[in-house]
Each structure stands twice: as C-alpha cells, then as structure tokens.
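Inside the fold
Listed here are the chains, written in short residue letters.
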Amino acid sequence: MTLLSRRAWSAAFLLGLFGVPLRADEPAVPSPDLVFLLIGQSNMAGRAPLEPGDDGEIPGVLLLDADGRWQAAKNPLNRHATDRKDLSMQRVGPGDGFARRLRELAPRSTIGLVVNARGGSRIEEWGADQKLYVNTLRRLKAVPGLKLDGVLWHQGESNANDPEYLDKLRNLIERLRSDLDSPELPWIAGQVYGEIPVNGRMARLPETVPNTAVVSAEGLTVFDGVHFDRKSQRTLGSRYADAWFELTR
C-alpha cells in the first residue's frame, strides 16, 4: 500500500468511526498523558503582557481547543475558554509556568491543559446551575475518555472578604468530583495578591478537604495592584506543579 493510499484509508476510517474529517496532510496530534483543568478568574486567564516568543509552542504540552481537539499549546492559554472576555485580554497566566515545571518533574509525560477561566468571576458564578460551571463540565464531558489528573484553581479577588469562602470552595470541589465520578481528584488552589482575608480562609483548605493543596502568593509582584506580572505568573505556575507533584507522588 502506498503512503497516499494509507493516508486516504486512515482518513476514511476516522470519518466513518468518528465523523471527523482528516486531511491527508494533517499531522496526527497525540493524546496527553496527564490532563489538568485550569479555572478561576483573571489571574488564571492571564493578564501579564506577552513577551516575544511567548506565543510559540510549549514543548510537550497540548491545549484543548473549542472543538474538543488537542492542539499544540501556545499562549494565551485561555483563548478557547467558553466564557472568556475579549481575546486581546487573554495573556500570560500560571498555566505556562505550571506546564513547563511539570515537564521537568515528569519529562516523559505529555501534558494536556483545559483552560476555562473568566476574568472578574465570583465563586458564586461557579455554582451548579451557573454557566461557567455548566460550560466547563460540558467541555470536559465532550471529550471521549477524558480523565483529569488535577484541577488548578485561582480565584478569590472578587471574594476577598467573603466569610463563607471556604465553604463555597469545598462545595465546588465536592460537586465537580461527584459530577466527574472522581472522588479523589487532586485540587490545588492558589492564593491571591495581598494580605486579605480570603487567603487565610483558603489556607485552611487542606485540613478541610482531602487531597487538596494551597500554593502561596508570597513574594509575587503585580503590575496593576491585582494582576501578577509575567515573572510572578511563571513562579506561581511552578508552585502549582510542585504542589501537585508532592500531593500525588
């Protein structure tokens, strides 16, 4: 069988089996070994300005696109979020540093990212019947056989003084675990900038919900009073990776 006929047969097979057309010159994209969901508000979406080269492919990292397909990951990673703000607002978030650091910790693994953050969102907007939660769950369940290896959560600026934040976060974690039938799904929460009450409440998460961890924002810097700069986003992402690796090893 010639190379051309093999490609034609493969395309016909995929079209018949999945209803997905494949061009003869379209390269196959591997499936990731480890898959992570990244959700929260603007710091997770990424607001740090991109520098030259930031929009290049991140080696060994895949990003789930709006059609439920894996593609080579490039910044901005929140580009395919179902409810994101304007594309021009999506820049560098912690996902970049997370993926690069995790590749150092697990160099043989291909990392898959599902990024679905919404700037300015309150934790209440991630409630069971709210569109941010519903659309995130829909994205995950639309991919056959998808299994998450962890969730990265960065939200709290919009609930800075909320005395019930920890209870709301616990409810969100337990609900997503239940809806995904993954009762031990690792969940890593990241603290926000500044000495504000939500950080103290978030710090108590590991003693309240099993298989969770919290990463500190200590020493990180912002460029506008709220949003982490590019260097701090990379550092925050690295902290997420170290926390996940420690939690699951």
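Coordinates for the structure precede this section.
What this report covers is the structure whose coordinates are included nearby. Keep in mind that this is a model prediction, so the values were computed, not measured.

**Quick look at the packing of helix H3 (residues 94-105) against helix H8 (residues 230-248)**
At a minimum axis separation of 6 Å, H3 and H8 run at an interaxial angle of 45 degrees. Classified by the angle their axes make, H3 and H8 are oblique. As for the relative orientation of H3 and H8, their crossing is right-handed in sense. Contacts between H3 and H8 involve Pro-94, Asp-96, Gly-97, Phe-98, Arg-100, Arg-101, Leu-102 and Leu-105 from the former and Gln-233, Arg-234, Leu-236, Gly-237, Ser-238, Tyr-240, Ala-241, Asp-242, Trp-244 and Phe-245 from the latter.

**As for the sheet that holds strand S3 (residues 70-72)**
Here we have 7 strands laid out as an open sheet, ordered S3-S2-S4-S1-S5-S6-S7, and mixed in their pairing. One side of each edge strand has no neighbouring strand; the edge strands of this open sheet are S3 and strand S7 (212-215). Between one strand axis and the next, the sheet turns through 25 degrees on average, direction left out of account. Looking at chain direction, strand S6 (residues 187-190) and S7 are connected through 4 bridges and run parallel. By the bridge assignment for S7, Gly-190 is matched with Val-215.

**Quick notes on the packing of aromatic side chains**
Here the structure, examined in full by the defined rule, presents 4 aromatic pairs. Aromatic pair Phe-36 and Phe-98: ring centres 4.9 Å apart, planes at 80 degrees, arrangement edge-to-face. Highlighted residues: Phe-36 in strand S1 (residues 34-40) and Phe-98 in helix H3, separated in sequence by 62 residues. Given a relative accessible area of 0%, Phe-36 falls into the buried group. Assessed through its relative accessible area of 0%, Phe-98 is described here as buried. Arranged with centres 6.0 Å apart and planes meeting at 45 degrees, the rings of Trp-153 and Trp-187 form a pair that is tilted. Taken together, the positions of Trp-153 in strand S5 (residues 150-154) and Trp-187 in strand S6 put the pair 34 residues apart, joining distant regions of the chain. When sorted by exposure, Trp-153 lands in the same class as Trp-187, which is buried. An aromatic cluster of three or more residues is present, and its members are Phe-36, Phe-98 and Trp-244. A cation over an aromatic ring shows up here: Arg-175 above the ring of Tyr-133, its NZ or CZ 4.5 Å from the ring centre.

Calculation criteria
- Residues numbered from 1 in each chain as written.
- Predicted model: local features only at pLDDT ≥ 70, side-chain atom pairs only at ≥ 80, totals over all residues.
- Heavy atoms only, no water.
- Axes fitted to C-alpha atoms, helices over the stretch in contact; angles between N-to-C directions.
- Helix = DSSP H or I, 4+ residues; strand = E, 2+ residues; numbered from the N terminus.
- Parallel < 35°, antiparallel > 145°, perpendicular 65-115°, else oblique.
- Left-handed = near helix turned anticlockwise from the far one by under 90°.
- Contact = heavy atoms within 4.5 Å.
- Pairing = 2+ DSSP bridges.
- Phe/Tyr/Trp six-rings, centres within 6.5 Å; stacked < 30°, edge-to-face > 60°.
- Buried < 20%, exposed > 50% of the residue type's maximum accessible area, 1.4 Å probe, protein only.
- Lys NZ or Arg CZ within 6 Å of the ring centre and 35° of its normal.

Function cannot be read off these values alone, since they describe shape.
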